[in-house]
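Residues per chain, in single letters:
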Amino acid sequence: MTHLAYFENTYKFNDQAIIMASDKDESGPYLMLNQTIFYPQGGGQPSDQGMIKVEHHHIPIYRVKNMGDEVRHYTDQVYEHLIGQEGACLVDRDTRLLHAKLHSAGHLISNVMESLYPDYYAVKGHHFPGECYVEFNSKNGFLDEISIDLVNEEIERVIRKNLRVNMEQVSADKVNALCPNITYNIPNGQSIRMIRIGDFPFSPCGGTHVKSLQELQGLKITKCKIKKMS
Ligand SMILES: [Zn+2]
């Protein structure tokens, strides 16, 4: 099981880790580490990229994926002879920060929309550069007209307050109590990572996030559409 060190600090771009395995699967050759600061793709957020330096090797990390309890760091070849060695992990700073901003922005848009339009609740977020969106469902069948200007004004007002983005681990029964709109079951005994912007509601999330809203200055919604359900 890989320890997920990226949970602890979005701004930690380098760290030491031990190579536990190197093999390949249908996605290519990969490394596994005892702990990782590389974010594996998931929750609507793309994976980190970067490099691991071991001895004279500069091992490129192209993408990172979760496979059950393991995190696989995909690279250019199998490095079996480096198993057991400690390396220096370097996460690409610019992509990490961009992904964190886009993901936090998705949560902020959900929070603002749900506070302005209580009939709507967020069901899905996609935070890839150039194609970000948040999808909402309606409790009563999309009765409210959405004003993009109003939502953008409120986003700007909240960002000016520079609220903190807090993260904590919470037990499964507490998650169900905090998030009544959640559409999936969280098994008992598991603890879930939650994020919360200022006093907005908690939301379960395993992504990387900015420390506070000042990093989201300039955020604007550009388009809103209603999808007909078949
Ligand atoms: Zn999230």
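Bear in mind the structure is a predicted one, so any value in this text is a computation, not a measurement.

Engineer: Which parts of the structure should I look at to understand the pairing of strand β11 (residues 133-138)?
Structural biologist: Walk down a regular strand and you will see the side chains alternate between the two sheet faces. Only one face of β11 is buried, namely the one carrying Val134, Phe136 and Ser138, since none of Tyr133, Glu135 and Asn137 on the opposite face is buried. Across 6 bridges, the pairing between strand β10 (residues 120-126) and β11 is antiparallel. By the bridge assignment, Ala122 is partnered in β11 with Phe136. Connecting the antiparallel pair β10 and β11 is a turn made up of 6 residues, with Gly130 showing a positive phi of about 85°.

Engineer: How should the coordination of the zinc ion be read in this particular structure?
Structural biologist: Reference geometry at the metal: tetrahedral coordination by four donors gives ideal angles of 109.5 degrees; octahedral coordination by six donors gives 90 or 180 degrees. The coordination sphere of the zinc ion contains the protein donors His103 (NE2), His107 (NE2) and Cys205 (SG), at a distance range of 2.0 to 2.3 Å. Spacing between the donor residues of the zinc ion along the chain follows H-x3-H-x97-C. One end of the pair, His103, is in helix α1 (residues 93-116); the other, Cys205, is in the segment after β14 (203-204), and 102 residues separate them in sequence. Looking at His103, the relative accessible area reads 2%, which means it is buried.

Engineer: Please explain unusual backbone geometry as it appears in this structure.
Structural biologist: Leaving glycine aside, a negative phi is the common case for residues, and trans is the common case for peptide bonds. The backbone phi angle of Glu55 is positive, close to 50°, even though this residue is not glycine. Here Glu55 lies in the loop between β5 (50-54) and β6 (57-61). The phi torsion at Asn162 lies on the positive side, around 50°, for a residue other than glycine. Residue placement: Asn162 occurs in the loop between α2 (148-160) and β12 (165-171). The class of Asn162 is partly exposed, set by a relative accessible area of 31%.

Engineer: Teacher, can you tell me more about the packing of α1 against α2 here?
Structural biologist: If you want to describe how two helices pack, look at the angle between their axes and the distance between the axes. Where α1 contacts α2, the two axes come as close as 10 Å, and the packing angle between them is 120°. Between α1 and α2 lies a crossing of right-handed hand. Listed contacts from α2 to Leu108, Ile109, Val112, Met113 and Leu116 of α1 are Leu150, Val151, Glu154, Ile155, Val158 and Ile159. Its residues assigned to classes, the contact of α1 with α2 comprises 10 nonpolar, no polar and 1 charged.

The rules we used
- Residues numbered from 1 in each chain as written.
- Predicted model: local features only at pLDDT ≥ 70, side-chain atom pairs only at ≥ 80, totals over all residues.
- Heavy atoms only, no water.
- Buried < 20%, exposed > 50% of the residue type's maximum accessible area, 1.4 Å probe, protein only.
- Helix = DSSP H or I, 4+ residues; strand = E, 2+ residues; numbered from the N terminus.
- Pairing = 2+ DSSP bridges.
- Donors = N, O, S within 2.8 Å, 3.2 Å for Na, K, Ca; no water.
- Axes fitted to C-alpha atoms, helices over the stretch in contact; angles between N-to-C directions.
- Left-handed = near helix turned anticlockwise from the far one by under 90°.
- Contact = heavy atoms within 4.5 Å.
- Nonpolar A, V, L, I, M, F, W, Y, C, P; charged D, E, K, R; others polar.

Worth remembering: the numbers are spatial, not functional.
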